[in-house]
Amino acid sequence: MNIHYNDNVIMHFLEPINVGVLENSDGEGIVGDMTCGDMMVMYIHVQDERLADIKYQVFGCAAAIATCSALSEMAMNKTLGEALAITDEDVIRYLGGLPDPKAHCSTGAASALHQAIADARARQKPQL
Ligand code: FES
């Protein structure tokens, strides 16, 4: 099978931005299963209902790494509502497309971010 990535995907794969862990994050989201090898963890800091910082760890192929990098760039400084509206398809478009056999690798990043936002909102609720 011949997989051809565009230059934007290759750039995000070779030099992923915002990769890492956020200490004392406000929210975390995890998608995947280490038993099968692919996993994405998103960490966020929230300030004034905006994503003040995003970092991630990703265990997957070039497309998965590029997807997380692109999503972090897209979502940075967005309101939580705007970030929740970002879909897997939005990320693929932002990257300029992924080869069809690799489209499934993009699924998970947006869900992990959405989970991190839900986690942050749950933590903000007053504790009884
Ligand atoms: Fe497993 Fe792409 S993330 S093949």
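Residues numbered from 1 in each chain as written. Predicted model: local features only at pLDDT ≥ 70, side-chain atom pairs only at ≥ 80, totals over all residues. Heavy atoms only, no water.

Here we come to the overall build of the protein. From N to C terminus, the protein includes five helices and three strands. The C-alpha atoms of the protein give a radius of gyration of 14 Å, which matches the 14 Å a tight globule of 128 residues would have. Summarising its shape, the C-alpha atoms of the protein cover approximately 55 × 30 × 20 Å along the three principal directions. The buried share of the protein, taken over its 128 residues, is 41%. (Helix = DSSP H or I, 4+ residues; strand = E, 2+ residues; numbered from the N terminus. Rg over C-alpha atoms; globule rule 2.2 N^0.38 Å. Buried < 20%, exposed > 50% of the residue type's maximum accessible area, 1.4 Å probe, protein only.)

In this section: the layout of surface pockets. The space that makes up the largest pocket amounts to roughly 190 Å³. Residue lining of the largest pocket: 16 residues in total, with D38, M39, M40, C105 and T107 positioned closest to the centre. Breaking the lining of the largest pocket down by element, the ones donating at least two residues are β1 (27-33), β2 (38-47) and β3 (50-59). Taken together, the residues that form the lining of the largest pocket break down as nine nonpolar, five polar and two charged. (1 Å grid on protein atoms, 1.4 Å probe; cavity = no way out; pocket = protein on both sides within 12 Å on 5 of 7 lines; lining within 4 Å. Points joined across faces, edges and corners; volume = space filled by probe spheres on them. Nonpolar A, V, L, I, M, F, W, Y, C, P; charged D, E, K, R; others polar.)

Further remarks concern the pairing of β3. Summarising the sheet, β2 and β3 pair through nine bridges and their orientation is antiparallel. Within the sheet, the bridge partner assigned to M42 lies in β3 and is Y56. The turn joining β2 and β3, which pair antiparallel and follow one another in sequence, is formed by two residues; a positive phi near 50 degrees is taken by D48. (Pairing = 2+ DSSP bridges.)

Relative to the helices and strands, L113 is located in helix α5 (residues 109-124). Spatially, the C-alpha atom of L113 lies 9.4 Å from that of C68, the residues being 45 residues apart in sequence.

Once that is clear, we can look at the pattern of salt bridges. For the structure shown, the criterion picks out three salt bridges. The residue E49 makes a salt bridge to R121 at a minimum N-O spacing of 3.8 Å. Note that E49 is positioned in the loop between β2 and β3 and R121 in helix α5, a separation of 72 residues in sequence. Residue E49 is classed as partly exposed on the basis of its relative accessible area, which comes to 38%. You can call R121 partly exposed: its relative accessible area is 36%. For R93, the salt bridge is made with D90, and the minimal N-O distance between the two is 2.6 Å. Linking R93 with D90, this pair stays in helix α4 (residues 88-95), spanning three residues, or about one helical turn. (Salt bridge = Lys/Arg side-chain N within 4 Å of Asp/Glu carboxyl O.)

Right, let's talk about the sheet that holds β3 for a bit. In spatial order, the strands read β1-β2-β3; together these three strands make up an open sheet with antiparallel pairing. Every interior strand has two partners, whereas the edge strands, β1 and β3, have only one. The average angle at which neighbouring strand axes cross in this sheet is 15 degrees, direction not considered. Lying on the sheet, helix α2 (residues 62-75) is in contact with β2 and β3; it crosses β3 at an angle near 175 degrees. (Axes fitted to C-alpha atoms, helices over the stretch in contact; angles between N-to-C directions. Contact = heavy atoms within 4.5 Å.)

To continue, consider the nonpolar core. Within the largest apolar cluster, 34 residues are counted, with the highest numbers of intra-cluster contacts made by M42, I44, L51 and L113. Those elements that provide at least two residues to this core are β2, β3, α2, α3 (80-84), α4 and α5. In contact with M42, not counting residues within four places along its chain, are G27, E28, G29, I54, K55, Y56, C68, L71, A109, A112, L113 and A116. (Core = buried A, V, L, I, M, F, W, Y, C linked by side-chain atoms within 4.5 Å.)

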